Amino acid sequence: MQTNAGLARMQSAMQEAGVDLAAIGPTANMRYLLGFAPHPDERLCLLLVSPQDTCMVVPGLNLEEVAAHADLSFFSWADADGPQVALRQALAALRMPRTLAVDGTMRADFLLRLQEAATPDHTTTVDALLTPLRLRKSAAEIAALARAAAQADRAMQAAVDACRPGVTEAEVAWVTEAAFRQDGAEEVNFTLIASGPNGAYPHHHSGERRLQTGDAIVIDIGASLAGYKSDITRMVHLGQPSPEFLKVHAAVYQANQRAMAAVRPGATCEQIDRVARGTLEAAGYGPFFTHRTGHGVGLEGHEPPWIMAGDATVLRAGMAFSIEPGVYLVGQFGVRIEDVVVVTESGVRNLTGFDHALVVKA
Ligand code: ZN
Ligand code: ZN
């Protein structure tokens, strides 16, 4: 059984905010609160939390598994009956809510079912309750992120080794996915291999293009290990890089390093973005850095805080996020260098260990 520290903290936040009921789907939010979430599918599954009580509406076929992980009262339902009776019983057990907070990341049909069964005066999302808790990772969560980052370092080595003239992006992506899987990843979330001009698209889908001498290759990969996500980007070059490419790579590396050095408790997210952006502007590449500097990483691959202009979130120890400046020259190449860092009491710890240097292969 998990000890549900997150659950108790959310319940006191609910009391303070005057929220009567929180409804959570089988998402990262449930995993945060229970240390576990059943397989998400179309069957209605809701953790219902009041400031005093907790129960769960669960598909009957998942009941035994869920009961082994969470010490709750359950209202289970069978496929042939549908969830509505179980849902009404669960709501009756908790008291009908006037103010309801729902998991914004759960399925819309779960919300519609809930709205059939309960008629609150006011509905909001659980973000205001949960984001402040999930933002600051516990020591156990940081250890989990560090293990995920170390796994991504190993998968990156497999990806770098697989890059050679003649292989397709998709083949390199598959080698990388296999490396993650053999290493125990529970899910491989993305294996982006963007070669040559494809590198200028930050979200390129690895395809049938064959790598060739003269290509710069953006490798951006991430997986889940015990629920926690990894995210790393490194650069490979086949054959000797041009002076222009080396200049861009050096500027992106400098932006990454300066932004990382600026991370400490008390700095704001937008200040970190400004450091990275200012570095690339000074090098003449400002207009070609077309996305935010980073995003939070935890049970979700992209979660708060957002390292960008307009996010004034003050950094505190335990916050974990990516630093990933990039320059994209359409028709030529792209360069991105990405690490996942965590704010410490005095500064920053880089969880990503893979060398930043450009890997030049013959
Ligand atoms: Zn990435
Ligand atoms: Zn990222």
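What you are looking at is a predicted structure, and each value in this text was computed from that prediction instead of being measured.

The secondary structure content of the protein amounts to 10 helices and 18 strands. Each principal axis of the C-alpha atoms in the protein carries an extent, and together these give about 70 × 45 × 30 Å. Within the protein, buried positions represent 55% of all 362 residues. For the protein, the distance from the average site of its 29 positive side-chain charges to the average site of its 40 negative ones is 5 Å.

The zinc ion (ligand 2) binds to the protein through D231 (OD), H295 (NE2), E324 (OE) and E338 (OE); the donor distances cover 2.1 to 2.2 Å. Considering all 4 donor atoms around the zinc ion (ligand 2), angles at the metal cover 80 to 158 degrees and the coordination shape is irregular. Mapping the donors of the zinc ion (ligand 2) onto the primary sequence gives the spacing D-x63-H-x28-E-x13-E. H295 gets classed as buried once you look at its relative accessible area, which sits at 2%.

The N-to-C vectors of helix α1 (residues 5–17) and helix α6 (residues 127–135) enclose an angle of 140 degrees; their axes lie 9 Å apart at closest approach. Taken together, the axes of α1 and α6 are oblique relative to one another. The crossing of α1 and α6 is right-handed. Between α1, through G6, R9, M10, A13, M14 and A17, and α6, the contact on the second element is made entirely by L129, L130 and L133. Considering only residue class, the contact of α1 with α6 consists of 7 nonpolar, 1 polar and 1 charged.

When we look at burial in α6, the residues that qualify are L129, L130, L133, R134 and L135. Those residues of α6 that are buried lie in contact with α1, β1 (21–24), α2 (28–34), β5 (99–102), β12 (303–307) and β13 (320–323).

The element strand β16 (residues 339–343) is largely enclosed, with a buried count of 5 among its 5 residues. Covered by surrounding structure in β16 are D339, V341 and V343 together with V340 and V342, the residues of both alternating faces. Relative to β16, β13 runs antiparallel, the two being bridged by 4 bridges. Paired with I323 across the bridge in β16 is D339. As paired strands, β16 and strand β17 (residues 348–350) are joined by 3 bridges and run antiparallel to one another. Across the sheet, the residue bridging to V341 is N350, located in β17.

Looking now at the coordination of the zinc ion (ligand 1). With distances of 2.0 to 2.5 Å, the protein atoms coordinating the zinc ion (ligand 1) are D220 (OD), D220 (OD), D231 (OD) and E338 (OE). Its 4 donor atoms give the zinc ion (ligand 1) angles of 55 to 149 degrees at the centre, a pattern that matches the irregular case. Site description for the zinc ion (ligand 1): donor spacing in sequence, D-x10-D-x106-E. The metal-metal distance between the zinc ion (ligand 1) and the zinc ion (ligand 2) is 3.1 Å, with D231 serving as a donor to both. You can see D231 sitting in the loop between β9 (228–229) and β10 (232–238) and its partner E338 sitting in the loop between β15 (333–336) and β16, a full 107 residues away along the chain. Comparing D231 with E338 shows no difference in burial state: the two are buried.

Criteria and cut-off values
Residues numbered from 1 in each chain as written. Chains lettered and ligands numbered in written order. Predicted model: local features only at pLDDT ≥ 70, side-chain atom pairs only at ≥ 80, totals over all residues. Heavy atoms only, no water. Helix = DSSP H or I, 4+ residues; strand = E, 2+ residues; numbered from the N terminus. Buried < 20%, exposed > 50% of the residue type's maximum accessible area, 1.4 Å probe, protein only. Lys, Arg positive; Asp, Glu negative; His and termini not counted. Charge placed at Lys NZ, Arg CZ, Asp CG, Glu CD. Donors = N, O, S within 2.8 Å, 3.2 Å for Na, K, Ca; no water. Tetrahedral: all angles 85-135°; square planar, octahedral: opposite > 155°, others 65-115°. Axes fitted to C-alpha atoms, helices over the stretch in contact; angles between N-to-C directions. Parallel < 35°, antiparallel > 145°, perpendicular 65-115°, else oblique. Left-handed = near helix turned anticlockwise from the far one by under 90°. Contact = heavy atoms within 4.5 Å. Nonpolar A, V, L, I, M, F, W, Y, C, P; charged D, E, K, R; others polar. Pairing = 2+ DSSP bridges.

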